[in-house]
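# A look at the structure
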Amino acid sequence: MDTKNLAELYELPTLDWAAIRTALDANIPQAPDTGGPNRHTYWLSTINPDGSPHMTAVGALWIDGAFWFTTGARTRKARNIARDPRCAISIATHDFDLTVNGTAAQVTDPAAVADVAARYAADGWPARVDDTGLALTAEYSAPSAGPPPWHVYRITVETAMALATVEPGGATRWRF
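In this report, we go over the structure that sits alongside the text. (Residues numbered from 1 in each chain as written. Predicted model: local features only at pLDDT ≥ 70, side-chain atom pairs only at ≥ 80, totals over all residues. Heavy atoms only, no water.)

The secondary structure content of the protein amounts to three helices and 11 strands. The C-alpha radius of gyration computed for the protein amounts to 17 Å, which stays within 12% of the reference 16 Å derived for 176 residues, consistent with globular compactness. Judged by the C-alpha coordinates and their principal axes, the protein covers about 55 × 35 × 30 Å. Here the protein, with 176 residues, has 43% of them falling under the buried criterion. Contacts in the protein between residues at least 24 apart in sequence constitute 58% of all its contacts with a sequence separation of at least 6. Accessible surface computed for the protein: about 9100 Å², of which carbon and sulfur atoms make up 55%. Of the side-chain charges in the protein, 14 are positive and 19 negative, and the distance between the mean point of each set is 9 Å. (Helix = DSSP H or I, 4+ residues; strand = E, 2+ residues; numbered from the N terminus. Rg over C-alpha atoms; globule rule 2.2 N^0.38 Å. Buried < 20%, exposed > 50% of the residue type's maximum accessible area, 1.4 Å probe, protein only. Contact = heavy atoms within 4.5 Å. Areas by Shrake-Rupley, 256 points an atom, 1.4 Å probe, with all protein chains shown as cover. Lys, Arg positive; Asp, Glu negative; His and termini not counted. Charge placed at Lys NZ, Arg CZ, Asp CG, Glu CD.)

Encoded structure:
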């Protein structure tokens, strides 16, 4: 991993990726009244066919060093990823703002899909694996996810940038 302090100009410290990862591993909640002005929101950016950005909120999970999310096959984000897997995901927390660049791929391992369903259910969204074993279903989801089934995607992290929002501050980029 290559680490670059983006705040040397201000004599601020390099941020520690291990501390960022520990916060992500603790499962940043997205329920109302849990962060931000009212909650934490993950924002996913994909690339439209004309090259312009497409950004949307997603319910994401951090599992084993990667971000995971779900969406329907006919959504703009799913169609964009099928054509060009490059994407970015970001979140603002109390201690840091984080942006991750990488590539997304649909998950086709039934065990991984089941694990993601169980994790979402534990967080309060009653997701379960559908009859195919390769997608999720539930009584409800975010309107932007489209109708079920919802496929699971994993973002492989290539670079990350964090900006500390508490003292002593700092900004750091990591290339993996």
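Moving on: the environment of aspartate 16. Mapped onto the elements of the fold, aspartate 16 is located in the loop between β1 (2-5) and α1 (17-25). Residues aspartate 16 and threonine 159 lie 143 residues apart in sequence; the distance between their C-alpha atoms is 14 Å.

Checked against the element boundaries, threonine 70 lands in strand β5 (residues 66-72). Its relative accessible area of 9% is what places threonine 70 among the buried residues. Apart from the residues within four sequence positions on either side, threonine 70 is in contact with Gly59, Lys77, Tyr120, Trp125, Leu136, Trp150, His151 and Val152.

Aromatic ring pairs: the centre-centre distance and the angle between the two ring planes describe each pair. Under the definition given, this model contains eight aromatic pairs. Look at tryptophan 17 and phenylalanine 176: their rings are 5.1 Å apart centre to centre, the planes differ by 65°, and that puts the pair in the edge-to-face class. Of this pair, tryptophan 17 sits in helix α1 while phenylalanine 176 sits in the segment after β11 (171-175), placing them 159 residues apart in sequence. Aromatic ring contacts, followed pair by pair, group Trp17, Tyr42, Trp62, Phe67, Trp174 and Phe176 into a single cluster. (Phe/Tyr/Trp six-rings, centres within 6.5 Å; stacked < 30°, edge-to-face > 60°.)

Before going further, it helps to spend a moment on the nonpolar core. One finds Leu24, Tyr42, Phe67, Ile89, Leu98 and Leu136 to be the most contacted residues of the largest nonpolar core, which totals 45 residues. The element that contributes the greatest number of residues to this core is strand β10 (residues 150-164), accounting for eight residues. (Core = buried A, V, L, I, M, F, W, Y, C linked by side-chain atoms within 4.5 Å.)

Attention now goes to a nonpolar patch on the surface. Judged by side-chain polarity, Leu6, Met161 and Leu163 come together as a nonpolar surface patch covering roughly 220 Å² of accessible area. Take leucine 163: it is sitting in strand β10. Since its relative accessible area comes to 39%, leucine 163 is described here as partly exposed. (Patch = residues over 30% accessible without salt bridge, like charges linked within 9 Å, V, L, I, M, F, W, Y side chains within 5 Å. Salt bridge = Lys/Arg side-chain N within 4 Å of Asp/Glu carboxyl O.)

Another point: unusual backbone geometry. Cis geometry is found at the peptide bond from proline 148 to proline 149, where omega equals 5°. Along the chain, the position of proline 149 falls in the loop between β9 (135-137) and β10. Proline 168 follows glutamate 167 through a cis peptide bond whose omega is 10°. By the secondary structure assignment, proline 168 is in the loop between β10 and β11. The phi torsion at glutamate 11 lies on the positive side, around 55°, for a residue other than glycine. You can see glutamate 11 is positioned in the loop between β1 and α1. The phi dihedral of asparagine 27 falls on the positive side, at around 70°, and the residue is not glycine. If you trace the backbone, asparagine 27 turns up in the loop between α1 and β2 (42-47).

This paragraph deals with the environment of glutamate 11. Glutamate 11 gets classed as exposed once you look at its relative accessible area, which sits at 76%. C-alpha separation for the pair glutamate 11 and glycine 170, spaced 159 residues apart in sequence, amounts to 8.6 Å.

A regular strand places its side chains so that they alternate between the two faces of the sheet. A large share of β5 lies buried, amounting to seven of its seven residues. Residue alternation in β5 divides its side chains into two sets, Ala66, Trp68, Thr70 and Gly72 and Phe67, Phe69 and Thr71, and both sets are buried. One ladder, built from three bridges, connects strand β4 (residues 61-63) with β5; its direction is antiparallel. Residue pairing across strands places isoleucine 63 opposite alanine 66, the latter belonging to β5. Linkage of β4 to β5, two consecutive antiparallel strands, is achieved through a turn of two residues, within which aspartate 64 is found at a positive phi near 50°. Looking at chain direction, β5 and β10 are connected through six bridges and run antiparallel. If you follow tryptophan 68 over to β10, its bridge partner there is arginine 154. (Pairing = 2+ DSSP bridges.)

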